[in-house]
Amino acid sequence: MYLTTLVNLIIAIVVFVISITAMIISAYEKETKASIWSLIFALSLPIPFLLPAFIPAVAGSVYPVSIIIITSLVLLAFLYNPKQKKFAPVKPAMQHDERETMFSRRELEPGSKRYQDYYTTHPEHHDPDKKWRQKPGLLNSDSLFYHPVSFAAAEASFETIGKLGPFIDGPVKKIQQKLSAKDLTHFIKKWMLKQGIADIGVAEMQPYHYYHTKGRGSAYNQAITPQHKYGVALTVEMDESMINAAPKGSAVMESAEKYLKSGVPAVQLATFLREMGYDAKAHIDGNYELICPLVARDAALGEIGRMGLLMTPGQGPRVRIAVVTTNAPLVLSKPASIAYSMNEFCTYCKKCAAVCPGQAISFDERKMNDGILRWKINSESCFTYWQTAGTDCGRCMAVCPYAHANNLLHNAVRSGIRYSKLFRRVAVILDDLFYGKRPVSKSMPNWIPQAKS
Ligand code: SF4
Ligand code: SF4
């Protein structure tokens, strides 16, 4: 056998094994379309490489060498990455006002002084807010996706998070335990990861991380004074099978649960640091003084994507975040260790914008918004849909190619996207082929029962 024939045979086997592996994983994920395409690839792609082994005339011709050269050139094209930029977060100059967020506006009681004051200073929000106030509302029994069991489970998680409120801050032990920044950071990371956190990073707190004024609860209207040097950002992975059914009830149930699952260790970590003699505060659902995705981005955990959420290298946007701010000595995470790639991928992929039921996500290029180049979602449109659906939707998160399950196939694709400019373009095409340009919402996991009333 010619050496070139042997090389062709090896390439055929590699291509076949990769395609069959993709088929098996897709079948396991119940992605029928992806399995069929993987099978088609497994049966067709090896054919050109098998010809020299079965047709002697082909083996003796220039064909085997030519096909090896073409394959090598294609591989080199994927490896060639001329403008791979390092992750360089843009630092906005301004601070946001928590009172302007949708969650704060939702708490305004029509007729109250707070309500009147807000819409007097923000008349531009009056009409859009009137629109969503006419909808049934989050977790409401008249909403589009009302599902008693999942809604009750979501409510239970939100109620439990609410009970954590008094523990986000507290007295600091007078005696300070001395540990080097390196040892303390190492301990915190190991301890948090041991508890099931997906990732953790440390950022140096900047004014733009903080809201300038409180917008919720009894502290409404109070100025926020940044007190801490460091922000420890924690991400918790959301279950793909729950999110894939978005905007149905399992999505809000999962969302609430992971707010809780990120909130508990954040409270625990802040308490630990205070026990060690360092001022620390947890920022968890319902009790934020800062914008978690920005802190997490600067803690080297990811980038902010087209849908305005943190995109992590491992789970894409399928995470919930909590932050602990502190003055304890810590080592900053190195943003340069993450290659700039997700934002570029988002410029090719517009899947979240295509499926968004609220038409809240832009199809355009990034624009200057509040002094930084970014995609800005239309919060009013998004929230109006939440109020209609009764859930926090999550359709954008469910279809994001970066949010596929944490397994061999998808981790390999995510690595390819990170390191290869050409692969970013190909991955968008493959994702459309395997999962559809506008993937349909899946059924909720069948262990979540329907209730009869
Ligand atoms: S949560 Fe739903 S409505 Fe909001 S941006 Fe995402 S897809 Fe659109
Ligand atoms: S769906 Fe596509 S465009 Fe939207 S955030 Fe994910 S990767 Fe970016």
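From a predicted model like this one, the values you see are computed outputs, not experimental measurements.

Quick word on the overall build of the protein chain
For step 1, the next point in the chain: Secondary structure summary: the protein chain contains 19 helices and eight strands in total.
For step 2, the next point in the chain: Whereas a compact globule of 453 residues would reach a radius of gyration of roughly 22 Å, the protein chain reaches 25 Å, a difference of no more than 12%.
For step 3, the next point in the chain: Along the longest, intermediate and shortest principal axes, the C-alpha atoms of the protein chain span 90 × 55 × 45 Å.
For step 4, the next point in the chain: Evaluated residue by residue, the protein chain yields a buried proportion of 49% over its 453 residues.
For step 5, the next point in the chain: In the protein chain, once contacts between residues fewer than 6 apart in sequence are set aside, the share between residues at least 24 apart is 77%.
For step 6, the next point in the chain: By element, 62% of the accessible surface of the protein chain is carried by carbon and sulfur atoms, the whole surface being about 22,200 Å².
For step 7, the next point in the chain: Treating the 52 positive side-chain charges of the protein chain as one cloud and the 37 negative ones as another, the clouds have centres 5 Å apart.

Topic: the pairing of strand β2 (residues 230-237)
For step 1, the next point in the chain: Here β2 lies mainly inside the structure; seven of its eight residues are buried.
For step 2, the next point in the chain: Sheet topology places strand β1 (residues 199-204) next to β2; six bridges connect them, and they run antiparallel. Among the inter-strand pairings, I200 is bridged to a residue of β2, identified as L234.
For step 3, the next point in the chain: The pairing of β2 with strand β6 (residues 319-326) spans eight bridges and is classified as antiparallel. When the sheet's bridge partners are listed, T235 is paired in β6 with I321.

A few points about the site of ligand 2
For step 1, the next point in the chain: The environment of ligand 2 is made up of R306, M307, M311, F345, C346, C349, K351, C352, C400 and P401.
For step 2, the next point in the chain: Along the lines of polarity and charge, the residues of the shell around ligand 2 split into eight nonpolar, no polar and two charged.

Quick word on the packing of helix α1 (residues 3-28) against helix α2 (residues 32-44)
For step 1, the next point in the chain: Where α1 meets α2, the axes come as close as 8 Å, and the angle between the chain directions of the two elements is 165°. In terms of orientation, α1 and α2 fall into the roughly antiparallel class. Note that α1 runs across α2; the crossing there is left-handed. Here α1 contributes F16, S19, I20, A22, M23, S26 and A27 to the contact with α2, which in turn contributes A34, S35, S38, L39, F41 and A42.
For step 2, the next point in the chain: Class assignment of the residues belonging to the contact of α1 with α2 gives a composition of nine nonpolar, four polar and no charged.

Some points on unusual backbone geometry
For step 1, the next point in the chain: With omega at 10°, the peptide bond leading from A246 into P247 counts as cis.
For step 2, the next point in the chain: Relative to the helices and strands, P247 resides in the loop between α11 (240-243) and α12 (249-275).
For step 3, the next point in the chain: In the Ramachandran plot, Q359 falls in the positive-phi region, its phi being about 50° despite a non-glycine side chain.
For step 4, the next point in the chain: One can find Q359 in the loop between α15 (351-355) and β7 (367-369).

Here's the deal with the packing of aromatic side chains
For step 1, the next point in the chain: For the structure on display, the rule yields 16 aromatic pairs.
For step 2, the next point in the chain: Consider the rings of W132 and F383, whose centres lie 4.9 Å apart with planes at 85°: the pair is edge-to-face. Here W132 is found in helix α8 (residues 126-133), whereas its partner F383 is found in helix α16 (residues 379-389), with 251 residues between them in sequence. Across this residue pair, the class does not change: W132 and F383 are buried.
For step 3, the next point in the chain: Pairwise contacts between aromatic rings join W37, F41, F434 and Y435 into one cluster.

Observations concerning the domain arrangement of the protein chain
For step 1, the next point in the chain: For the protein chain, the assigned domains read domain 1 (3-79) and domain 2 (139-435).
For step 2, the next point in the chain: Here the C-alpha centre of domain 2 lies 40 Å away from the C-alpha centre of domain 1.
For step 3, the next point in the chain: Surface buried jointly by domain 1 and domain 2 totals about 1,100 Å² across both partners, of which 68% is contributed by carbon and sulfur atoms.
For step 4, the next point in the chain: Counting across the domain 1 and domain 2 interface gives zero salt bridges.

Topic: helix α9 (residues 148-164)
An α-helical turn contains 3.6 residues, so a residue and the one three or four places further along point in the same direction.
For step 1, the next point in the chain: Its 17 residues give α9 an end-to-end C-alpha distance of 25 Å, which sits within 8% of 24 Å, the value for a rise of 1.5 Å per residue.
For step 2, the next point in the chain: Those residues of α9 lying buried are S150, F151, A154, S157, I161 and L164. Down the axis, α9 shows its buried residues gathered within 130° of arc, on one side only. Every exposed residue of α9 that faces more than 90 degrees away from the buried side is listed here: G162 and K163.
For step 3, the next point in the chain: The inward-facing, buried residues of α9 abut α12 and α16.

As for the environment of I67
For step 1, the next point in the chain: Residue placement: I67 occurs in helix α5 (residues 63-79).
For step 2, the next point in the chain: Classification of I67 by relative accessible area gives buried; the value is 10%.
For step 3, the next point in the chain: Once the C-alpha coordinates of I67 and F49 are considered, the two residues, 18 residues apart in sequence, prove to be 7.6 Å apart.
For step 4, the next point in the chain: In this structure, I67 is in contact with N8, P48 and F49, ignoring residues within four places of it in sequence.

Some points on the sheet that holds strand β3 (residues 280-283)
For step 1, the next point in the chain: With antiparallel pairing, four strands are arranged side by side in an open sheet as β1-β2-β6-β3. Edge positions in the open sheet fall to β1 and β3, since each of these has one partner strand only. Sheet twist, expressed as the mean angle between neighbouring strand axes with direction ignored, is 20°.
For step 2, the next point in the chain: Across the face of the sheet, helix α10 (residues 181-194) comes into contact with β1 and β2 while running at roughly 145° to β1.

Digging into the site of ligand 1
For step 1, the next point in the chain: The local shell around ligand 1 consists of C356, P357, I361, C382, W386, C393, G394, R395 and C396.
For step 2, the next point in the chain: Of all elements in the fold, only α16 and α17 (395-399) reach the threshold of two or more residues within the shell around ligand 1.
For step 3, the next point in the chain: Taken together, the residues that form the shell around ligand 1 break down as seven nonpolar, one polar and one charged.

Focus: the UniProt feature "transmembrane region" (unreviewed entry) in the protein chain
For step 1, the next point in the chain: According to UniProt, the feature "transmembrane region" (unreviewed entry) maps to residues 6-28, 35-55 and 61-81 in the numbering used here.
For step 2, the next point in the chain: Segment residues 6-28 splits into 100% helix and 0% strand. End C-alpha atoms: 33 Å apart.

Reading the values: the criteria
- Residues numbered from 1 in each chain as written.
- Chains lettered and ligands numbered in written order.
- Predicted model: local features only at pLDDT ≥ 70, side-chain atom pairs only at ≥ 80, totals over all residues.
- Heavy atoms only, no water.
- Helix = DSSP H or I, 4+ residues; strand = E, 2+ residues; numbered from the N terminus.
- Rg over C-alpha atoms; globule rule 2.2 N^0.38 Å.
- Buried < 20%, exposed > 50% of the residue type's maximum accessible area, 1.4 Å probe, protein only.
- Contact = heavy atoms within 4.5 Å.
- Areas by Shrake-Rupley, 256 points an atom, 1.4 Å probe, with all protein chains shown as cover.
- Lys, Arg positive; Asp, Glu negative; His and termini not counted.
- Charge placed at Lys NZ, Arg CZ, Asp CG, Glu CD.
- Pairing = 2+ DSSP bridges.
- Near = heavy atom within 4 Å.
- Nonpolar A, V, L, I, M, F, W, Y, C, P; charged D, E, K, R; others polar.
- Axes fitted to C-alpha atoms, helices over the stretch in contact; angles between N-to-C directions.
- Parallel < 35°, antiparallel > 145°, perpendicular 65-115°, else oblique.
- Left-handed = near helix turned anticlockwise from the far one by under 90°.
- Phe/Tyr/Trp six-rings, centres within 6.5 Å; stacked < 30°, edge-to-face > 60°.
- Domains from an automatic or database assignment.
- Buried area = accessible area lost by both parts, 1.4 Å probe.
- Salt bridge = Lys/Arg side-chain N within 4 Å of Asp/Glu carboxyl O.
- Expected span 1.5 Å × (residues − 1).
- Arc of directions from axis to C-beta.
- UniProt positions renumbered as here; feature names shortened; annotations may be inferred.

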